[in-house]
Amino acid sequence: MRLQQLLRQAGEFREIFNFAGRNMAHWFPGHMSRGLTQMKANLKDVDCLIEVHDARIPLSGRNPLFQESLGTKPHLLLLNKMDLADLTEKQRIMNELEHQGIKKVIFTNCVKDENIDKLVPMATEVIQSSNRFQRTETLGYCIMVIGVPNVGKSSVINAIRRQHLKKGKASRVGAMPGITRAVLSRIQVCDKPPIYLLDTPGILTPQVETIENGMKLALCGTILDHLVGEEILADYLLYTLNKFKQFGYVERYGLEVPSDDIESVLKRIAIKLGKTQKVKAITGVGNVNITVPNYSVAAYDFIRTFRKGVLGKVMLD
């Protein structure tokens, strides 16, 4: 009941995602379309694809255009940010992915390089067991890194370089979607065997099946928050935390008990952060000063605190 009410309130969100095949260029920007074209053009020089996705949404939001356009190449699915995901039902997720035909799956945390050492051996095994066609005589392997925005593609590349070449960043990273806007030149990440990676821009699907799937994507930061509305997103986050009994926000923001009233929660957060202001209000007995919380700042803090993992781990699928 609570979820249905929330999704009805998010009715404008339906206009952001293309449920009826309308042109949605305002959120599927030009660099995404150009990026997919560049990826296709580079495919002849690629031995394998590593698709990076957020471990909190392993079944939602993966772009079907990748399979349709790039599906001729061997494929690994890397579920990143495992440190933010509740993996108690990991086997259920693995079974569902296998049912979808995805057998090569690895969970990673690029911040601490967890499982990064497994990537090169797994990719090498996949490449050597596949037909390289015109690349049979080519020394070294080329792997294209793909995925929706802000799932850690560039972080994966940098982590592999740290692991195998003991070198620092080769790709820019950031906490907002859209840092990588074009297919980059080859980046060497390993000497033995010689392996090069292509970083690519994050590309969202032009259509999202349901509003709730769209909210999951937004909560994980794959699209810019303002396209959804931070207060709407904060409301969905509150619902999610309560659903999974992750009540860390109560202590974090000094609430007495868990609540499903987003207005009261954001008001408390704003007070806790000192983000309020005095304004004059005209009443029947004259002007009075009232304290008004900055709900936008409170929602911003709430969402980003969640994305850092401070409010608990969740599995949204």
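Residues numbered from 1 in each chain as written. Predicted model: local features only at pLDDT ≥ 70, side-chain atom pairs only at ≥ 80, totals over all residues. Heavy atoms only, no water.

A.B. asks: Help me understand the side chain of Asp199 in this model?
C.D. replies: Relative to the elements of secondary structure, Asp199 occurs in strand 6 (residues 195-199). At a separation of 2.6 Å, a polar atom in the side chain of Asp199 contacts the side chain of Ser154. (Helix = DSSP H or I, 4+ residues; strand = E, 2+ residues; numbered from the N terminus. Polar contact = N/O pair within 3.5 Å; in protein donor to acceptor, adjacent residues only side chain to side chain.)

A.B. asks: Just checking my understanding: could you explain the layout of surface pockets for this structure?
C.D. replies: Gaps left between atoms show up when a probe the size of a water molecule is rolled over them. Its boundaries defined by the atoms lining it, the second largest pocket holds a volume of some 580 Å³. For the second largest pocket, the lining is made up of 25 residues, of which Leu59, Arg62, Asn63, Pro64 and Gln100 are closest to its centre. Elements with a minimum of two residues in the lining of the second largest pocket: strand 1 (48-54), helix 4 (64-70) and helix 8 (211-219). At four residues, the largest contribution of residues to the lining of the second largest pocket is made by helix 4. Of the residues that constitute the lining of the second largest pocket, the class distribution is eight nonpolar, 11 polar and six charged. (1 Å grid on protein atoms, 1.4 Å probe; cavity = no way out; pocket = protein on both sides within 12 Å on 5 of 7 lines; lining within 4 Å. Points joined across faces, edges and corners; volume = space filled by probe spheres on them. Nonpolar A, V, L, I, M, F, W, Y, C, P; charged D, E, K, R; others polar.)

A.B. asks: Honestly, the pairing of strand 4 (residues 141-146) in this entry has me stumped. Any pointers?
C.D. replies: As a general feature of sheets, a regular strand has side chains that alternate between the two faces. For strand 4, the tally of buried residues reaches six of six residues, placing the bulk of the element in the interior. Residue alternation in strand 4 divides its side chains into two sets, Tyr141, Ile143 and Val145 and Cys142, Met144 and Ile146, and both sets are buried. In the sheet, strand 1 pairs with strand 4 via four bridges, with the strands oriented parallel. Residue pairing for strand 4: Ile50 is matched across the bridge by Val145. (Buried < 20%, exposed > 50% of the residue type's maximum accessible area, 1.4 Å probe, protein only. Pairing = 2+ DSSP bridges.)

A.B. asks: How should I be thinking about the packing of helix 9 (residues 230-243) against helix 12 (residues 295-307) in this particular structure?
C.D. replies: In helix packing, the relevant descriptors are the interaxial angle and the interaxial distance, both defined with respect to the helix axes. Following both chains from N to C, one finds helix 9 and helix 12 inclined at 45°, their axes separated by 9 Å at the closest point. Classified by the angle between their axes, helix 9 and helix 12 sit oblique to one another. Two packed elements cross with a definite hand, and for helix 9 against helix 12 that hand is left-handed. Note on element contacts: helix 12 touches helix 9 through Tyr295, Ser296, Ala299, Tyr300, Phe302, Ile303, Arg304, Phe306 and Arg307, opposite Glu230, Glu231, Leu233, Ala234, Leu237, Leu238 and Leu241. (Axes fitted to C-alpha atoms, helices over the stretch in contact; angles between N-to-C directions. Parallel < 35°, antiparallel > 145°, perpendicular 65-115°, else oblique. Left-handed = near helix turned anticlockwise from the far one by under 90°. Contact = heavy atoms within 4.5 Å.)

A.B. asks: Any chance you could explain empty space enclosed by the protein here in plain terms?
C.D. replies: Per the stated rule, a full pass over the model turns up two cavities of 30 Å³ or more. As for the largest cavity, its lining consists of Glu212, Lys216, Tyr236, Tyr239, Thr240, Lys243, Phe244 and Leu316. Residue assignment for the lining of the largest cavity shows that the elements contributing at least two residues are helix 8 and helix 9. The element contributing the most residues to the lining of the largest cavity is helix 9, with four residues. When its volume is computed, the second largest cavity comes out at roughly 30 Å³. Along its surface, the second largest cavity is lined by Ile50, Leu119, Val120, Ala123, Ile143, Ile160, Ile195 and Leu197.

A.B. asks: Hey, could you run me through helix 12 in this one?
C.D. replies: Since the α-helix packs 3.6 residues into each turn, any two residues three or four apart lie on the same face. In a regular helix each residue adds 1.5 Å, so 13 residues correspond to 18 Å; helix 12 covers 18 Å between its end C-alpha atoms and thus fits that length. Taken together, the buried positions of helix 12 are Ala298, Ala299, Phe302, Ile303, Arg304, Thr305, Phe306 and Arg307. Packing partners of the buried residues in helix 12 comprise helix 8, helix 9, helix 10 (248-252) and helix 11 (262-273). Of the residues flanking the start of helix 12, the one acting as N-cap is Asn294, its side-chain oxygen 3.3 Å from the backbone nitrogen of Ser296. In the segment just after helix 12, Gly309 is the residue with positive phi, at about 90°. (Expected span 1.5 Å × (residues − 1).)

A.B. asks: I tried to follow unusual backbone geometry on my own but got confused; where do I start?
C.D. replies: With the exception of glycine, the majority of residues adopt a negative phi angle, and the majority of peptide bonds are in the trans configuration. Of note in the backbone geometry, Lys81 takes a positive phi value of approximately 65° without being a glycine. Relative to the assigned elements, Lys81 resides in the loop between strand 2 (75-80) and helix 5 (90-99).

A.B. asks: What am I meant to see in the environment of Asp261 here?
C.D. replies: Turning to its location among the elements, Asp261 is positioned in the loop between helix 10 and helix 11. For the pair Asp261 and Tyr239, spaced 22 residues apart in sequence, the C-alpha separation works out to 9.3 Å.

A.B. asks: Honestly, helix 7 (residues 153-164) in this entry has me stumped. Any pointers?
C.D. replies: With 12 residues, helix 7 ought to run about 16 Å at 1.5 Å a step, and its terminal C-alpha atoms sit 17 Å apart, in line with that. What helix 7 keeps buried is the set Lys153, Ser154, Val156, Ile157, Asn158, Ala159, Ile160 and Arg161. Taken together, the buried residues of helix 7 touch strand 1, strand 2, helix 6 (119-128), strand 4, strand 5 (187-190) and strand 6.

A.B. asks: Explain the pattern of salt bridges to me, please; I cannot follow it from the model alone.
C.D. replies: A side chain with one charge can pair with a side chain of the opposite charge if their charged atoms come near. Per the stated rule, a full pass over the model turns up 10 salt bridges. The partner of Asp225 in a salt bridge is Arg307, with the nearest N and O atoms 2.8 Å apart. With Asp225 in the loop between helix 8 and helix 9 and Arg307 in helix 12, this residue pair connects regions lying 82 residues apart in the sequence. No difference in accessibility class separates Asp225 from Arg307, as the two residues are buried. The shortest N-O distance in the salt bridge between Arg304 and Glu230 comes to 3.8 Å. Taken as a pair, Arg304 in helix 12 and Glu230 in helix 9 lie far apart in primary sequence, 74 residues in all. For the pair formed by Arg304 and Glu230, the shared burial category is buried. Here the salt bridges share partners, and the residues they tie into one network are Asp225, Glu230, Arg304 and Arg307. (Salt bridge = Lys/Arg side-chain N within 4 Å of Asp/Glu carboxyl O.)

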